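Notes for the structure review
Residue strings, one per chain:
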Amino acid sequence: MSDAAMLEVRGLNAWYGESHILHGVDFDVRQGEVVTLLGRNGAGKTTTMKSIMGLVGRRAGSIKLNGAEMTGLRPDQIGRAGIALCPEERAIFAGLNVTENLMLPPKIAEGGLDLPTIYTLFPNLKERAASQGTKLSGGEQQMLAIARILRTGAKLLLLDEPTEGLAPVIVQQIGRMIREIKQRGFTVLLVEQNFRFAATVADRHYVMEHGKVIDQFRNDDLQNNMDKLHDYLGV
Amino acid sequence: MFMIFGYPSALLFGQLLLGLINGAFYALLSLGLAIIFGMLNIVNFSHGALFMLGAFVAWGLLEFLGISYWWSLLLAPIVVGAFGVLLEKVFIARLYKLDHLYGLLLTFGLALVIEGLARNQFGSSGMPFAIPRQLQGATDLGFMFMPNYRGWVVAASAGMCLLVWLVIEKTSLGATLRAATENPAIVQSFGINVPRMITLTYAAGVALAAFAGVLAAPIYSVNPNMGASFIITVFAVVVIGGMGSIAGSIVTGFGLGIVEGLTKVFYPQGSSVVIFVVMVIVLLTRPAGLFGKGGH
């Protein structure tokens with residue numbers, strides 16, 4: 001793990017129309033890390049992800065990927081630079097079958113997972129190749145949404161609440177998968193409500209509240225900060 | 001000659017063929033509208049004017065440059081498609097964040113301008129366009145004589161519709177298009193230049209209209225009103241088929257052409273309104289259209 005930040009976010013502000021959602025978000029993700037954004041509903045976690053991808057109406061501040069500024073770029077240019085988003089709503093396309101969904105994102109660089117590897121990690125996707133994308137179960141759709149961005153060669157993956165609404169056995173499977181892709185050199189920024197799950201995969205955690213990062217912990221320190229965390233998350 | 005349901009077979013088959021020819025144009029035009037609506041969420045009211053423009057480009061290429069009909073089938077869609085790129089970039093692209101109504105008004109206004117300019121330049125009586133030498137004459141099919149050019153129009157339209165359907169439903173480019181229709185933001189985040197794709201989709205849609213215009217040139221005289229007379233019926237076809245449905249617009253286009261042709265045999269007085277009667281019935285029973293997947 002190198003010390004230079006792969007993703008460096010400074011003073012990030014974002015707006016949806018007239019409403020000001022992010023008020024100066026600062027954090028770093030280093031190469032090869034799994035980092036989570038924790039926080040209550042409405043803290044600005046998803047907006048942070050979308051802002052990095054260029055999918056909000058207006059944003060200000062700085063987002064650097066390996067030193068290159070991303071804030072002036074269009075979403076497709078940011079995607080080409082090597083960031084890929086797996087959105088909270090999964091965005092599986094109803095008009096496309098499983099294979100078409102999987103093959104939709106173009107290859108942007110070398111180093112993505114090849115299809116055999118993806119089918120080893122997600123055997124269900126092979127069995128259901130010809131099914132309509134949205135006919136899959138929630139867990140399978142989540143797998144598909146993650147699998148399709150592993151193929152492209154993007155090295156920084158933004159996973160927005162991948163475990164939301166899924167059965168515990170599927171959550172465990174997603175946990176294994178995240179550890180597996182970390183081993184393969186991917187860097188992950190993860191949004192989670194479920195910090196117990198986050199603790200099983202992440203190196204570091206940032207806590208967000210009211211559109212700002214208000215605290216951070218190393219995963220090793222999580223136990224010592226449980227009281228604070230309960231307080232922040234209201235659990 | 002033999003009789004079917006008490007009607008001479010030649011009359012029946014003749015009207016059926018006329019219906020199929022109208023259907024060929026309905027299908028090509030409503031297919032273009034469906035593609036544009038799916039991607040841009042705009043009802044392209046200038047479609048008829050661009051159909052007319054396609055016929056005029058073919059006429060101009062022949063008249064001034066001596067370029068044949070066959071080359072025009074390729075060149076007119078390219079010229080009109082390029083004009084479509086200009087329209088989308090200069091005008092339509094500014095409206096995506098506004099209500100659909102603005103796109104409708106803008107494209108309707110564009111149609112009036114384009115048709116008005118054409119009328120100003122060429123008058124409204126129209127110019128003849130000769131059937132290409134290779135397709136003159138008629139073929140005896142045994143049960144009727146079929147003018148070769150009309151047979152060609154039906155075949156060319158069906159072939160083009162099939163090609164477009166294959167590209168959209170069976171290729172990776174088509175998959176990207178379908179995905180961008182559902183969720184452009186996410187598709188763009190994958191590294192695909194969606195704004196450019198939208199421009200090219202509009203160009204492709206109006207190129208189809210121009211292709212239909214070239215096919216129509218030898219059948220109807222090339223005149224500034226040829227699009228306007230078609231387009232109202234075509235919008236009814238689109239409503240019946242279901243906005244944005246690719247297969248729906250093709251099947252409905254040909255199907256309603258045939259229905260219209262048969263009505264001319266069995267109840268001639270009703271032939272000019274039958275498509276609108278069908279539209280009313282479909283709207284009452286299946287508001288999303290025969291092939292529609294529910295409202296937007």
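Scroll up to find the structure this text is about.
Because the structure is predicted, anything quoted here is derived from the model rather than measured.

With that settled, the discussion passes to the overall build of chain A. Helices and strands together make up the secondary structure of chain A, namely nine helices and 10 strands. Against the globule reference of 18 Å for 235 residues, chain A gives a C-alpha radius of gyration of 17 Å, in line with a compact fold. For the C-alpha atoms alone, the extent of chain A along its principal axes is close to 45 × 40 × 35 Å. Here chain A holds 235 residues, and 54% of them are scored as buried. In chain A, the share of contacts with a sequence separation of at least 24, taken over all contacts with a separation of at least 6, comes to 68%. When the accessible surface of chain A is split by element, carbon and sulfur atoms take 47% of a total near 9,800 Å². Across chain A, the 27 positively charged side chains and the 27 negatively charged ones have centroids separated by 4 Å.

All right, on to the overall build of chain B then. Secondary structure summary: chain B contains 11 helices and four strands in total. A total of 296 residues make up chain B; the buried ones form 51% of that total. Counted over contacts in chain B with a minimum sequence separation of 6, partners at least 24 positions apart contribute 77%. Accessible surface for chain B amounts to roughly 13,300 Å². Of this, 70% is attributable to carbon and sulfur atoms. One finds the centroid of the 12 positive side-chain charges in chain B at a distance of 5 Å from the centroid of its 8 negative side-chain charges.

Once that is clear, we can look at the interface of chain A and chain B. Listed as interface residues are 23 residues of chain A and, on the opposing side, 16 residues of chain B. Of the roughly 1,600 Å² buried where chain A meets chain B, counting both sides, 63% is carbon and sulfur surface. Among the residues chain A hides against chain B, the three largest losses belong to Asp 76, Phe 93 and Leu 104 of chain A. Together they make up 31% of the total. If you look at where chain A meets chain B, you find one salt bridge. As a salt-bridge pair, Arg 178 of chain B and Glu 100 of chain A come within 3.0 Å of each other at their nearest N and O atoms. Between chain A and chain B we count six residue pairs in polar contact (both at pLDDT 80 or more) in total. The set of elements that each furnish at least two residues to the side of chain A that touches chain B consists of helix 2 (75–81), strand 6 (83–86) and helix 6 (138–150) of chain A.

Here the focus is the pattern of salt bridges. Residue and element names in this part refer to chain A. Under the criterion given, the structure shown has 10 salt bridges over all chains. Note that Lys 228 is salt-bridged to Asp 215, the shortest N-O span being 3.4 Å. In this pair, Lys 228 is assigned in helix 9 (residues 226–233) and Asp 215 in strand 10 (residues 212–218), connecting sequence segments 13 residues apart. When its relative accessible area of 40% is taken as the criterion, Lys 228 is described as partly exposed. When its relative accessible area of 17% is taken as the criterion, Asp 215 is described as buried.

All names here are of chain A. Sheet architecture is open: four strands sit in the order 2-1-4-5, paired in antiparallel fashion. One side of each edge strand has no neighbouring strand; the edge strands of this open sheet are strand 2 (19–30) and strand 5 (68–69). Of the strand pairs in this sheet, strand 1 (residues 5–16) and strand 2 are connected by nine bridges, and their pairing is antiparallel. Across the sheet, Leu 12 pairs through a bridge with Val 25, a residue of strand 2.

Residues and elements named next belong to chain A. Pairing within the open sheet is mixed, and its six strands lie in the order 6-7-8-3-9-10. Two strands bound the open sheet, and with one partner strand each, they are strand 6 and strand 10. Strand-to-strand twist in this sheet, taken as the mean axis angle between neighbours without regard to direction, amounts to 20°. Summarising the sheet, strand 7 (residues 156–160) and strand 8 (residues 187–192) pair through five bridges and their orientation is parallel. From the neighbouring strand, Leu 159 faces strand 8, where its bridge partner is Leu 190. Against the sheet, helix 9 touches strand 3 (34–39), strand 9 (204–209) and strand 10, its axis set at about 150° to strand 10.

Residue and element names in this part refer to chain B. One can describe the packing of helix 2 (residues 47–65) onto helix 9 (residues 226–241) by two numbers: an axis separation of 8 Å at closest approach and a directional angle of 140°. When the axis of helix 2 is compared with that of helix 9, the two are oblique. Relative to helix 9, the crossing made by helix 2 is right-handed. Together, His 47, Gly 48, Phe 51, Met 52 and Ala 55 of helix 2 and Met 226, Gly 227, Phe 230 and Ile 231 of helix 9 make up the contact between the two elements. Per-class residue counts for the contact of helix 2 with helix 9 are six nonpolar, three polar and no charged.

Rules used throughout
Residues numbered from 1 in each chain as written. Chains lettered and ligands numbered in written order. Predicted model: local features only at pLDDT ≥ 70, side-chain atom pairs only at ≥ 80, totals over all residues. Heavy atoms only, no water. Helix = DSSP H or I, 4+ residues; strand = E, 2+ residues; numbered from the N terminus. Rg over C-alpha atoms; globule rule 2.2 N^0.38 Å. Buried < 20%, exposed > 50% of the residue type's maximum accessible area, 1.4 Å probe, protein only. Contact = heavy atoms within 4.5 Å. Areas by Shrake-Rupley, 256 points an atom, 1.4 Å probe, with all protein chains shown as cover. Lys, Arg positive; Asp, Glu negative; His and termini not counted. Charge placed at Lys NZ, Arg CZ, Asp CG, Glu CD. Buried area = accessible area lost by both parts, 1.4 Å probe. Salt bridge = Lys/Arg side-chain N within 4 Å of Asp/Glu carboxyl O. Polar contact = N/O pair within 3.5 Å; in protein donor to acceptor, adjacent residues only side chain to side chain. Pairing = 2+ DSSP bridges. Axes fitted to C-alpha atoms, helices over the stretch in contact; angles between N-to-C directions. Parallel < 35°, antiparallel > 145°, perpendicular 65-115°, else oblique. Left-handed = near helix turned anticlockwise from the far one by under 90°. Nonpolar A, V, L, I, M, F, W, Y, C, P; charged D, E, K, R; others polar.

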